[in-house]
Amino acid sequence: DVKVTQSSRYLVKRTGEKVFLECVQDMDHENMFWYRQDPGLGLRLIYFSYDVKMKEKGDIPEGYSVSREKKERFSLILESASTNQTSMYLCASTLGGVSNQPQHFGDGTRLSIL
Amino acid sequence: LAKTTQPISMDSYEGQEVNITCSHNNIATNDYITWYQQFPSQGPRFIIQGYKTKVTNEVASLFIPADRKSSTLSLPRVSLSDTAVYYCLVGLPLHSGNTPLVFGKGTRLSVIA
């Protein structure tokens, strides 16, 4: 079974801090994604990556960056955290190529910026 | 990207069959239809996927009419543990050049005892 592990379930940080959210998958998946989920807004895509060192902007990349130095790890970085980045963050991965494989999600990191 | 429309919420009693319909009028020829389920404080979980006609697995059935402009997720004899948000997504497999599928706001299913 595919396992997507997010480093923290709950995280509290202060405004202006640099915040790292880590995600690791164990199935050699090419594609990885970061979403945020807010009440009434559903899941919104922040960044995604097709392969190591590749990244693409999603729908709401402002205020975020990502890093994919190894295939199994995809990090989301909040360069200078702000209160409007308080949210649930979800990481997902999927097999690449032309196969129509579903996304596998982690259980999320609930981030609070004070 | 094909836009999807689904009801915001539904209520059902335990033991009933629940059908959630998703409209996707501008679905493209090669698009697949995929449904996810999300419980509180968890990430979404894949339920079922189809291209046309009917697909069934141990969890649900997916009905897709010939014109593919809508699809219906059918959950047989729901229980309280089926209370969750259900998302319908339409699009192509992800690889370089394709845009990732878009999660809408989903349908919040509440199962009542």
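Structure: see above.
We now turn to the structure provided with this report. Computed from a prediction, not measured in an experiment: that's the story for all the values here.

## Brief notes about the overall build of chain A
1) Next: Check the secondary structure of chain A and you find zero helices and eleven strands.
2) Next: If you list the helices and strands of chain A from N to C, you get β-β-β-β-β-β-β-β-β-β-β.
3) Next: What you see for chain A is a C-alpha radius of gyration of 13 Å, in line with the 13 Å of a compact globule of 114 residues.
4) Next: Counting only C-alpha atoms, chain A reaches 40 × 25 × 25 Å along its principal axes.
5) Next: In chain A, buried positions account for 48% of the 114 residues.
6) Next: Looking at chain A alone, contacts between residues at least 24 apart form 55% of all its contacts between residues at least 6 apart.
7) Next: Total accessible area computed for chain A in this model is approximately 5500 Å², and 50% of it derives from carbon and sulfur atoms.

## Focus: the state of the cysteines
1) Next: For the structure shown, the criterion picks out two disulfides over all chains.
2) Next: Note on cysteine connectivity: A:Cys23 is disulfide-linked to A:Cys91, with sulfurs 1.9 Å apart. Its torsion about the S-S bond being -80 degrees, the disulfide of A:Cys23 and A:Cys91 is classed as left-handed. Taken together, the residues A:Cys23 in strand 3 (residues 19-25) and A:Cys91 in strand 9 (residues 87-94) connect sequence positions 68 residues apart. The pair formed by A:Cys23 and A:Cys91 is uniform in burial state, with each residue classed as buried.
3) Next: In this model B:Cys22 forms its disulfide with B:Cys88; the gap between the sulfur atoms is 2.2 Å. Here the S-S torsion is close to -80 degrees, and the disulfide linking B:Cys22 with B:Cys88 is therefore left-handed. On the criterion of sequence distance, the pair formed by B:Cys22 in strand 2 (residues 18-23) and B:Cys88 in strand 8 (residues 84-91) is long-range, its members being 66 residues apart.

Calculation rules
- Residues numbered from 1 in each chain as written.
- Chains lettered and ligands numbered in written order.
- Predicted model: local features only at pLDDT ≥ 70, side-chain atom pairs only at ≥ 80, totals over all residues.
- Heavy atoms only, no water.
- Helix = DSSP H or I, 4+ residues; strand = E, 2+ residues; numbered from the N terminus.
- Rg over C-alpha atoms; globule rule 2.2 N^0.38 Å.
- Buried < 20%, exposed > 50% of the residue type's maximum accessible area, 1.4 Å probe, protein only.
- Contact = heavy atoms within 4.5 Å.
- Areas by Shrake-Rupley, 256 points an atom, 1.4 Å probe, with all protein chains shown as cover.
- Disulfide = S-S within 2.5 Å.

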